[in-house]
Structure formats: C-alpha cells, structure tokens
Amino acid sequence: MKIIVFIRQIVNPQVKLQGVDYFDTSRISEDDLIINPFDKNALEGALKLKDSESAEVTAICVGGIKPSKAVREAIAMGCNDAVEVVDDNYYLEDPMILAKIYSKIVEKIGDVDLIFTGCEEQSSSSYAVPAMLAELLDIPSVLYAEEIEKTVDRFRISHVLEGGRKIVEMPMRGLISCTDSQYFVPRYTSMRGILTSKRAQIPQWSNEDLKLDEATVCENAASLTVSSFSNIVIEKDSYILKEEEPDEMVDKLLAKLKEDNIKLGV
Amino acid sequence: MKILVFAQIRDDKIEENTLGILNKVNEVFKDSEISASLFGSNIKEEWIKQLGVHGAKKVYTIDVPELEYYLSRPNVKALSKVIDEIQPTIIIAAGTVYGEDLLPRVAIRRGVSCAQRITDITKEGEEILFYTPVRDDQAMKVQKITGDIKFVTTRTGAFFVNENPTGEEPEVISVDITFEEKDLLVKHVEIKKAEVTVNLKDAKVIVAGGRGVGGKDQFAILKELASILGGQIGATRACTDMNWVEETYEIGQTGQSVSPDVYIAAGISGAPQHISGIKAKTLIAINTDEGAAIFNYADYGIIGDLHIILPLLKQKISD
Ligand SMILES: Cc1cc2nc3c(=O)[nH]c(=O)nc-3n(C[C@H](O)[C@H](O)[C@H](O)COP(=O)(O)OP(=O)(O)OC[C@H]3O[C@@H](n4cnc5c(N)ncnc54)[C@H](O)[C@@H]3O)c2cc1C
C-alpha cells in the first residue's frame, strides 16, 4: 500500500506575534516553525497503517519557510521518505492552486493508494484543499475523520458530525482528512527515527519537476484574492492574571469580579 | 443577481445557520433572487415552507433515496445540477461538516476557489467582499473572488436568524437526477447521534473543561464547582471523544450552543469550533499557556494550572 501525506509548515500559533504580525514571515525564526498540527494527525493516521499493513509512507511538504525541518520531522516520526516542493512562483494562498499542485504531485509519484491530509490549516482557517484535491483526482474521500478501521477490503471511517458522529465505508484507494481526535494523537519521534531523518536524502522538487503550466499556479491564476488584511481591534479590556501565587490570583479574580458586579453563581 | 443557499437539515429541522444565511443575504443583496436547494429523501413540506418564510423565493428540491444521507459525490452532482439550472452568482452554505465538504468540491469542478468560514459579506457597487477572521480572530482577511461564480461557506454561528421573518410560500422546483455506481463508492453506514440528556441552553453558569483537565476522574472538581455555582459542566469534543464525560456536555459547532451569564473555560485552548457554540456574557479562562487562543475571548483569566486554581476557587467561594 502506497500512502502520501501532505503536510504544511506553519508558524507555531503559540508564538508571541499578534494579528497580522503572525503572518509576517520576516519576524520569525526557525524555532517557530512547526508542522501544521492537523497534518501531524494525518501523519499518525498513515503511520498506523504502516504499522499494521506495512504501507510505504511518503510525506510531502509544499512551500514553507524551511520545509526540510518539517519533512525531517515526518521521517523521524516514521515515514519512509519525503519530498520538499518549493517554487517561488507558486501562489499557495488560494486553496485551488495548492490542490492543483498536490494533484500533479500525486500523478508524478504514481500508483498512490491513499492520501492523508490534515482537515485544515490552523491559523488561516483554510480547510478546502482536501475536498478540492479529491475532486481533481476523482477519487473517493472522507473528510474530518476521527477513527479508521480496516475491514476486509474497505475502510470503515468515523467522522465528525454536528450532533454526533457518522460512520461511512470507503474503498481502500482514496483520500482521508484527519482531525485531532484521540485516534490521531501523533506519536513522538524516536531516537532511531531522528538518526534516520538526519541521514535521509530528501529530494527537492520545483516546477521543473512538476511541469505545471505556470500560468495556472501563479498569483495571477488565483480566483480568491486578498483585498485587505488588518488587525481586528478588540475593544474589551481583559483582566488576565499571571505569575503570582495561585492563592493571590484567585483572591484578585474574585475581588475584581465583585467590583465589576459579575455574579459567579446563580 | 441570483443567489443559491445550500440548505441543510439538523434534528429534523432546517439547520439554524442556513436560516441565518438567508437572513443575511436578504439584507445585503436586496434586489437579488434568492433561492435555496434542498436535497434528501422524503423532504418535508414544512422545511420548504420554513425556507420560504426566511426569505427563499424559490426552493429547488431533489428528493431521491440516494440523498437520504449526506455523501459527497451524490451531493456534488445534485448541487452542480441546480447550479446549471439557476446560474447563480453566489453559492453559499453554512460551514458545517457537510457544507465544508461540499462547496470546495463543486467550486473546483468549475475551476474556481471558495471563500472559507466567512463571518461577514458586503456589497459596495459591483464589488462583493468576503470576510474571514484568521489567527484566532485577531486579524481579518477580506477577500474577493474573481469570475462570475462565487462559492462561499460561513462560519457556524456567524449570522443571526430573523426572529420575525416575513417571507412567503416559495415556488418549488423539483429537479431530476440519476446516479451511477461510481457516484456511490463511499457508503453510509450509520449516524451515531449524541444522546442529549442535559440541556445546556438555559444554564446560567457553565464550568467547562478541555483536554487540559487530563482525565475522567479529574472532571470531579468541575462538577463540584458547577454544583456550588448552580450551573452545569461543559466540555470540548476532545473530552467527549475520550469518554471523559458524556457526549451531551459537548459544546460548540457539533455539540450544544450555549449562552450563559458566566462561562468558565478550564484547560480549553479555544478552537473556533468550540468557541462558535458559546455566547457568554462573561468568559473566564484558566489555562497554563498564555498564548492559548481562549485568552482572546476571555474577559477574565488566570494563567495557571486548573488543578490548583479550580480547587482554590471552589474553596474560596464556599467560604
Ligand atoms: C468539523 C469539526 C467540528 C468540531 N466541533 C467541535 C465542537 O463542537 N466542540 C469542540 O469543543 N470541539 C470541536 N472540534 C474539535 C476542535 O477542533 C478542537 O480539537 C477541540 O475543541 C480542542 O479541545 P481542547 O481545547 O479541550 O483541547 P486542546 O486544544 O488540546 O487544548 C487543551 C488546553 O489545555 C491547556 N492545559 C493543559 N494542561 C493544563 C492545566 N493543567 N491547567 C490549565 N490548562 C491546561 C493547554 O494549554 C491547552 O490550551 C471540532 C473539530 C472539527 C474538525
């Protein structure tokens, strides 16, 4: 079974950069770069199948400030190999364009059985890529998966649903997008994995390799364009306590609530 | 201009976000023709009426057994068919699991993208703008969609339902469809509905816990605090997924929507899907991580360990 996991590198949401500054790549260091958390859930989903079905898992990172960090972590987690795809002309803000690039990668690799992705990209709230990719490839897909069970020749997948959860069955060739449910909690990197990842040869592809028509993947090709991007001004003054004795903080909180006429109980 | 709203059903009724969208598009696009699509098996008369009352002039129905349960492919085909009939400029759906599954698919099949999780939409002259909050609601990305057809999903909870709708009986257009084997490769097995045994809608105080609570037993302190305050406990999906508390306590997009006076969020990171179910007058956050998104929404907060803070809070309130 051949599996591809698409991962993206993002700036750690815990970095102390507020609002639009968070997206200003000149302000961050390598330490701030992480694999999009939901994509780590996707890696876990694929690696579980590697454990049980001896699947071959390839992690692919398109774009990112230092994609080599992301793909090496993916290998350290247990992926067999990885590819970095970087091309300055690619416009990755539009999910449609990213989906087109992913689709070409799947085609280039060939004979792919399963594709895993995270269900969304944190901080940018972009969730559309997996759905678009499944359509471009014309393959069965299940999004927002919470658990995967293999039956004889199909996957039985439980996914998020308003008011509960839903179970569906999918053929064993297709695409699955993963949430951060218990089932997909990512494994830690092992010492052996880290050593392997250090030695791994990681191919770097650009459009020379993918040969997409540049006019369809550059900024001009975007159908979703940014008209303005600005901070949301929050008017309320929050009262946040920190770095004091717990006892003092609780006293202060209760006093402040009283002062503001906020009744805690009913 | 024509607008098509992809209507969805939840709990045997038209889902609230769909009604909120109808209200919003009627407000923003006054002179437009607003239609809704409604797919299913045994579609109810009252659903169609409800869509009309909330502002859909026409309802395009596809009523076939294959659409009894939502599955991507059959719905892609169904929505594409209705779009072919209407030729709308905007196709909009609530950002539920189904809405987010469907719209990007239909969009890319027409070679266009999709605006995601919008909380506002405006029209100035010919220009239509879509507003998506990002970075835990600290920044607003305003986007345009080029071309004649625009696909959009909203963030759940973003738009209000009109309490006094004045729409009329809509014109109903029934659309035919046939499916092939390859449209039905993914099969519905079952829906496991969360059993709602406790109604949190009317709770005035909610003490909610997240993954930071750490386990089933550790929820005891939240229950004790809630009981002293005369309120209820609540939880994130992470907790119900791990069976730390019953599913009925899940709050958010896929759980219950709540509007208490006081919401205490302990060990909750503040994911948009959780936040979208909360309309609290006062939100108090307790979290060890100063950078947690929950502090963007908090009126009060303590950066600290809930296992220390909550017992202290309980003790001091009881005194
Ligand atoms: C389609 C979809 C729908 C969803 N619908 C919902 C929904 O309706 N409701 C919902 O809740 N989720 C929903 N989710 C899941 C959501 O995306 C998040 O995964 C979930 O809300 C996270 O829960 P959490 O905050 O408990 O966990 P985490 O995000 O893991 O956060 C745990 C927090 O606890 C803090 N913490 C850890 N230890 C301590 C301590 N000792 N003291 C204090 N703080 C501590 C950490 O700093 C962290 O901020 C949905 C997801 C999807 C994909």
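Residues numbered from 1 in each chain as written. Chains lettered and ligands numbered in written order. Predicted model: local features only at pLDDT ≥ 70, side-chain atom pairs only at ≥ 80, totals over all residues. Heavy atoms only, no water.

*Asks:* I keep staring at the overall build of chain A and nothing clicks. Help me out?
*Replies:* A tally of regular secondary structure across chain A gives 7 helices and 13 strands. Seen through its principal axes, chain A has C-alpha atoms that stretch 65 × 45 × 40 Å. Across the 266 residues of chain A, 54% fall into the buried class. Counting every atom, chain A has about 12000 Å² of accessible surface; 46% of that belongs to carbon and sulfur. Charge-centre separation for chain A: the mean point of 30 positive side chains lies 4 Å from the mean point of 46 negative side chains. (Helix = DSSP H or I, 4+ residues; strand = E, 2+ residues; numbered from the N terminus. Buried < 20%, exposed > 50% of the residue type's maximum accessible area, 1.4 Å probe, protein only. Areas by Shrake-Rupley, 256 points an atom, 1.4 Å probe, with all protein chains shown as cover. Lys, Arg positive; Asp, Glu negative; His and termini not counted. Charge placed at Lys NZ, Arg CZ, Asp CG, Glu CD.)

*Asks:* I'm lost on the pairing of strand S18 (residues 300-303) of chain B in this one. Help?
*Replies:* Successive side chains on a regular strand alternate, one facing one side of the sheet and the next facing the other. Neither face of S18 of chain B is left uncovered, since the one carrying Tyr300 and Ile302 of chain B and the one carrying Gly301 and Ile303 of chain B both have all their residues buried. As paired strands, strand S13 (residues 239-241) of chain A and S18 of chain B are joined by 3 bridges and run parallel to one another. Bridge assignment links Ile240 of chain A to a residue of S18 of chain B, and that residue is Gly301 of chain B. With 4 bridges connecting them, strand S17 (residues 282-287) of chain B and S18 of chain B associate as parallel partners. Paired with Ala285 of chain B across the bridge in S18 of chain B is Gly301 of chain B. (Pairing = 2+ DSSP bridges.)

*Asks:* Got a minute to help me understand the interface of chain B and chain A in this structure?
*Replies:* Much of the literature gives interface size as the accessible area that the parts lose upon coming together. Tallying the contact residues gives 81 residues for chain B and 87 residues for chain A. Its salt-bridge partner being Arg237 of chain B, residue Glu146 of chain A comes within 2.8 Å of it at the nearest N-O pair. Linking chain B with chain A are 54 residue pairs in polar contact (both at pLDDT 80 or more). The biggest single contributor to the side of chain B that touches chain A is helix H4 (residues 97-109) of chain B, with 8 residues. Counted by class, the side of chain B that touches chain A contains 40 nonpolar, 17 polar and 24 charged residues. (Contact = heavy atoms within 4.5 Å. Salt bridge = Lys/Arg side-chain N within 4 Å of Asp/Glu carboxyl O. Polar contact = N/O pair within 3.5 Å; in protein donor to acceptor, adjacent residues only side chain to side chain. Nonpolar A, V, L, I, M, F, W, Y, C, P; charged D, E, K, R; others polar.)

*Asks:* Help me understand the site of the ligand in this model?
*Replies:* Around the ligand sit 32 residues in total, of which Asp180 of chain A together with Arg211, Thr236, Thr254 and Ser269 of chain B are the nearest. Close to the ligand, residues of chains A and B are found. Interatomic distance of 2.7 Å between a side-chain N/O atom of Asn287 of chain B and an oxygen atom of the ligand. Between the ligand and Leu306 of chain B there is a distance of 2.9 Å, counted from a nitrogen atom to a backbone nitrogen or oxygen. Contact with the protein chains removes 87% of the 990 Å² of surface that the ligand exposes when unbound. Of all the secondary structure elements, the ones that give two or more residues to the shell around the ligand are helix H6 (237-241), helix H7 (272-275), S17 and helix H9 (306-318) of chain B. Its residues placed into classes, the shell around the ligand shows 10 nonpolar, 16 polar and 6 charged. (Near = heavy atom within 4 Å.)

*Asks:* Help me out: how do you make sense of unusual backbone geometry in this one?
*Replies:* Excluding glycine, a negative phi dihedral is what most residues carry, and trans is how most peptide bonds are arranged. All names here are of chain A. Notably, Asp138 is not glycine yet its phi reads approximately 60°, a positive angle. One can find Asp138 in the loop between helix H4 (129-137) and strand S7 (141-150). Its relative accessible area of 43% is what places Asp138 among the partly exposed residues. Unusually for a residue other than glycine, Tyr144 sits at a positive phi of about 60°.

*Asks:* What exactly am I supposed to notice about the packing of helix H3 (residues 72-86) of chain B against H4 of chain B here?
*Replies:* The description of two helices packed together rests on the angle between their axes and the distance between the axes. Residues and elements named next belong to chain B. Axis separation between H3 and H4 bottoms out at 9 Å; the angle between their running directions is 55°. Classified by the angle their axes make, H3 and H4 are oblique. The crossing of H3 and H4 is right-handed. Mapping the contact onto sequence places Ser72, Arg73, Asn75, Val76, Leu79, Ser80 and Ile83 in H3 and Asp101, Leu102, Leu103, Arg105, Val106 and Arg109 in H4. (Axes fitted to C-alpha atoms, helices over the stretch in contact; angles between N-to-C directions. Parallel < 35°, antiparallel > 145°, perpendicular 65-115°, else oblique. Left-handed = near helix turned anticlockwise from the far one by under 90°.)

*Asks:* Looking at this structure, I do not really get the domain arrangement of chain B. What am I missing?
*Replies:* All names here are of chain B. Structurally, chain B comprises domain 1 (2-184) and domain 2 (205-318). One C-alpha centre belongs to domain 1, the other to domain 2; they are set 33 Å apart. Opposite the 11 residues of domain 1 that make contact, domain 2 presents 9 residues. Three residues, Arg10, Asp136 and Thr156, lead the burial of domain 1 against domain 2; their summed loss comes to 46% of the area buried on that side. Here domain 1 is connected to domain 2 by 0 salt bridges. Our count for the domain 1 to domain 2 interface comes out at 7 residue pairs in polar contact (both at pLDDT 80 or more). (Domains from an automatic or database assignment. Buried area = accessible area lost by both parts, 1.4 Å probe.)

*Asks:* Just to check I follow, could you spell out the pattern of salt bridges for this structure?
*Replies:* A side chain of one charge can pair with a side chain of the opposite charge if their charged atoms are brought near each other. According to the stated counting rule, one finds 43 salt bridges over all chains in the structure shown. Arg109 of chain B is the salt-bridge partner of Glu135 of chain A, the closest N and O atoms lying 2.4 Å from each other. Note that Glu135 of chain A is positioned in helix H4 and Arg109 of chain B in helix H4, a pairing that runs across two chains. The exposure class of Glu135 of chain A is buried, given its relative accessible area of 5%. Arg109 of chain B sits in the partly exposed class, given a relative accessible area of 44%. A salt bridge links Arg155 of chain B to Asp137 of chain B, with the nearest nitrogen and oxygen atoms 2.6 Å apart. Of this pair, Arg155 of chain B sits in the loop between strand S11 (150-154) and strand S12 (171-174) while Asp137 of chain B is found in the loop between strand S9 (127-134) and strand S10 (139-145), placing the two residues 18 residues apart along the sequence. In this pair, the class of Arg155 of chain B matches that of Asp137 of chain B, namely buried. Residues joined in a network through salt bridges with shared partners are Glu135 and Asp138 of chain A together with Arg73, Asp101, Arg105 and Arg109 of chain B.

*Asks:* Help me understand the packing of aromatic side chains in this model?
*Replies:* To describe a pair of aromatic rings, one takes the distance between the centres and the angle between the planes. Under the definition given, this model contains 7 aromatic pairs over all chains. Between Tyr239 of chain A and Tyr300 of chain B, the ring centres sit 6.3 Å apart and the planes meet at 65°, which makes this aromatic pair edge-to-face. On the criterion of chain membership, the pair formed by Tyr239 of chain A in strand S13 and Tyr300 of chain B in strand S18 is interchain, its members lying in two chains. Residue classification places Tyr239 of chain A among the partly exposed positions, given a relative accessible area of 23%. Since its relative accessible area comes to 7%, Tyr300 of chain B is described here as buried. (Phe/Tyr/Trp six-rings, centres within 6.5 Å; stacked < 30°, edge-to-face > 60°.)

*Asks:* Would you mind going over the pairing of strand S8 (residues 120-124) of chain B with me for this structure?
*Replies:* Pairing geometry for S8 of chain B and S9 of chain B, over 5 bridges, is antiparallel. Within the sheet, the bridge partner assigned to Ile121 of chain B lies in S9 of chain B and is Phe130 of chain B.

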